[in-house]
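Below are the chains, spelled out letter by letter.
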Amino acid sequence: MGCFNIYVFNRQGTCVYYHEWFRPKSVRQGAGNLQDDQKQMFGLFWTLSNFCATMDPKENVGFGRRELILNTHREAPDLTEVLQALYDDIFVEYVVKNPLYVPGQPFQSDQFVNALNAFLRQNGLLQQQQIMQAAV
Amino acid sequence: MLRGGPSGARNPPSLEQINAEVFTLTYGSIVRQLIADFEDIEEVNKQLEQMGYNMGIRLVDEFLAKAKISRCSSFRDTADVVAKQALPMFLNVSANVTNWSPDQTECSLVLTDNPLADFVELPEEYRELKYCNVLAGVVRGALEMVNMDVECRWVSDMLRGDDCYELRIKLKEHRDEKFPYKDDD
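Just so it is clear, the structure is predicted and the values come from calculations on it, not from any experiment.

Caption draft 1: How the structure looks around the pattern of salt bridges. Under the defined criterion, the tally for this structure stands at 12 salt bridges over all chains. A salt bridge links E49 of chain B to R140 of chain B, with the nearest nitrogen and oxygen atoms 2.8 Å apart. A residue pair is termed long-range when its members are at least 10 positions apart, and E49 of chain B in helix α2 (residues 41-67) and R140 of chain B in helix α4 (residues 133-145) qualify at 91 residues. Residues joined in a network through salt bridges with shared partners are E93 and K97 of chain A together with E62 and K66 of chain B.

The following block contains the structure:
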């Protein structure tokens with residue numbers, strides 16, 4: 001059971017980081033190209049959060065958003081905490097604190113990638129490809 | 001194989017600490033260097049604010065990651081969070097939020113202790129220097145990242161003989177998030 005891919009969006013809805021570990025159907029079969037794929041993913045979550053805000057009986061004022069989207073296998077359990085920890089301990093530590101990172105701009109950082117992989121493996125979310133292939 | 005979710009308890013996030021005197025002295029030498037480089041106090045004030053802004057836009061992420069706060073429902077809440085949680089976390093002092101304007105868009109953060117300005121005396125020729133202006137920038141930058149455009153200025157400064165440090169924060173706009181793409185994109 002593992003992760004398929006991850007998207008990190010900035011507050012303007014631009015995808016600043018994308019990585020895929022395993023994507024059984026290529027982007028061409030979906031949105032067409034990666035850019036549209038990312039845009040659609042953002043749109044989907046935008047709509048979902050608007051929908052939730054509309055349903056929410058409390059009057060909540062919007063909060064700056066930073067979106068991390070991690071697609072995982074359907075048998076993965078609740079990952080709320082994992083996602084929170086991913087932001088707190090990996091994104092903030094390895095990206096925000098990186099002096100070369102310009103806030104809001106796309107980034108590439110080996111340190112971040114290594115930490116991300118180690119973190120997901122630690123949480124049992126990165127398994128060998130074969131297992132995943134068998135699971136699809 | 002994943003069973004039963006991630007290992008439960010997470011370690012509390014650690015905050016790196018720095019000796020307060022090193023911090024104060026380093027800040028002092030930055031200000032001194034800026035004065036030497038720009039030779040114009042107004043320009044130094046502006047640079048300090050800009051430096052603070054650049055810190056603020058990053059620092060907010062660390063704050064959100066470590067402070068474990070819930071959503072702020074109003075500017076009032078936000079001001080309290082800045083005064084009672086953010087300042088203690090990064091500067092080890094807390095502030096009081098006072099002097100609200102009737103329409104709740106303007107308030108003051110009042111500090112009686114300010115580690116930035118320990119050991120500092122302002123010479124007569126630099127009276128216009130806003131020594132702690134970096135803080136005004138930090139607040140502006142950090143709040144901008146959570147969709148609040150604010151204006152920050154120092155209205156009292158103990159270095160200039162006032163009895164407290166007072167940072168006036170004015171909420172200019174609370175931006176609603178708009179969908180960044182057009183329909184036909």
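Caption draft 2: Representation of the pairing of strand β2 (residues 106-111) of chain B in the model. Residues and elements named next belong to chain B. Burial analysis of β2 places six of its six residues in the buried class, which makes it a mostly covered element. Residue alternation in β2 divides its side chains into two sets, E106, S108 and V110 and C107, L109 and L111, and both sets are buried. For strand β1 (residues 96-98) and β2, the ladder comprises three bridges, and the chain directions are antiparallel. Its bridge partner lying in β2, T98 is registered against S108. With six bridges connecting them, β2 and strand β4 (residues 165-174) associate as antiparallel partners. Looking at β4, one finds that L109 is bridged to L167.

Caption draft 3: Up close: helix α2 (residues 80-96) of chain A. With 17 residues, α2 of chain A extends only 21 Å from end C-alpha to end C-alpha; this falls clearly short of the ideal 24 Å at 1.5 Å per step. I90 of chain A marks the point of greatest bend in α2 of chain A, at about 35°. V82, A85, L86, Y87, D88, I90, F91, V92, V95 and V96 of chain A are the residues of α2 of chain A that are buried. Contact partners of the buried residues in α2 of chain A: β1 (3-9), β3 (67-72) and α3 (110-122) of chain A together with α2 of chain B.

Caption draft 4: Representation of the sheet that holds β2 of chain B within the structure. Residues and elements named next belong to chain B. The antiparallel open sheet is built from four strands, whose spatial order is β1-β2-β4-β3. Of all the strands in the sheet, just β1 and β3 (148-156) have a single pairing partner and so form its edges. Put simply, the sheet's adjacent strands are angled 30° from each other on average, direction ignored. Where helix α3 (residues 75-91) meets the sheet, it contacts β1, β2, β3 and β4, and its direction lies at approximately 15° from that of β2. Contacting β3 and β4, α4 crosses the sheet at an angle of about 165° to β3.

Caption draft 5: The packing of aromatic side chains, seen in detail. Applying the stated rule across the entire model yields 15 aromatic pairs over all chains. Taking 5.7 Å as the distance between ring centres and 85° as the angle between the ring planes, the aromatic pair formed by Y101 of chain A and F107 of chain A counts as edge-to-face. For F107 of chain A, a relative accessible area of 7% translates into the label buried. Taken together, a centroid distance of 6.3 Å and an interplanar angle of 75° make the contact between W154 of chain B and Y165 of chain B edge-to-face. Separated by 11 residues along the polypeptide, W154 of chain B in strand β3 and Y165 of chain B in strand β4 bring together distant segments of the chain. Grouping residues by exposure puts W154 of chain B and Y165 of chain B together as buried.

Caption draft 6: A look at the sheet that holds strand β2 (residues 15-20) of chain A. Residue and element names in this part refer to chain A. One open sheet holds the three strands; their spatial order is β2-β1-β3, and the pairing between them is antiparallel. Among the strands making up the open sheet, the edge pair consists of β2 and β3. On average, each strand axis in the sheet is inclined to that of its neighbour by 10°, with strand direction left out of account. Sheet topology places β1 next to β2; five bridges connect them, and they run antiparallel. Paired with F9 across the bridge in β2 is C15. Each of β1 and β3 is contacted by α2, which is oriented at about 125° to β3, the strand it contacts most. Contacting β1, β2 and β3, α3 runs over the sheet at an angle of about 50° to β2.

Here is what the cut-offs are and how they apply
Residues numbered from 1 in each chain as written. Chains lettered and ligands numbered in written order. Predicted model: local features only at pLDDT ≥ 70, side-chain atom pairs only at ≥ 80, totals over all residues. Heavy atoms only, no water. Salt bridge = Lys/Arg side-chain N within 4 Å of Asp/Glu carboxyl O. Helix = DSSP H or I, 4+ residues; strand = E, 2+ residues; numbered from the N terminus. Buried < 20%, exposed > 50% of the residue type's maximum accessible area, 1.4 Å probe, protein only. Pairing = 2+ DSSP bridges. Expected span 1.5 Å × (residues − 1). Bend = angle between axes of the 7 residues up to and from the residue. Contact = heavy atoms within 4.5 Å. Axes fitted to C-alpha atoms, helices over the stretch in contact; angles between N-to-C directions. Phe/Tyr/Trp six-rings, centres within 6.5 Å; stacked < 30°, edge-to-face > 60°.

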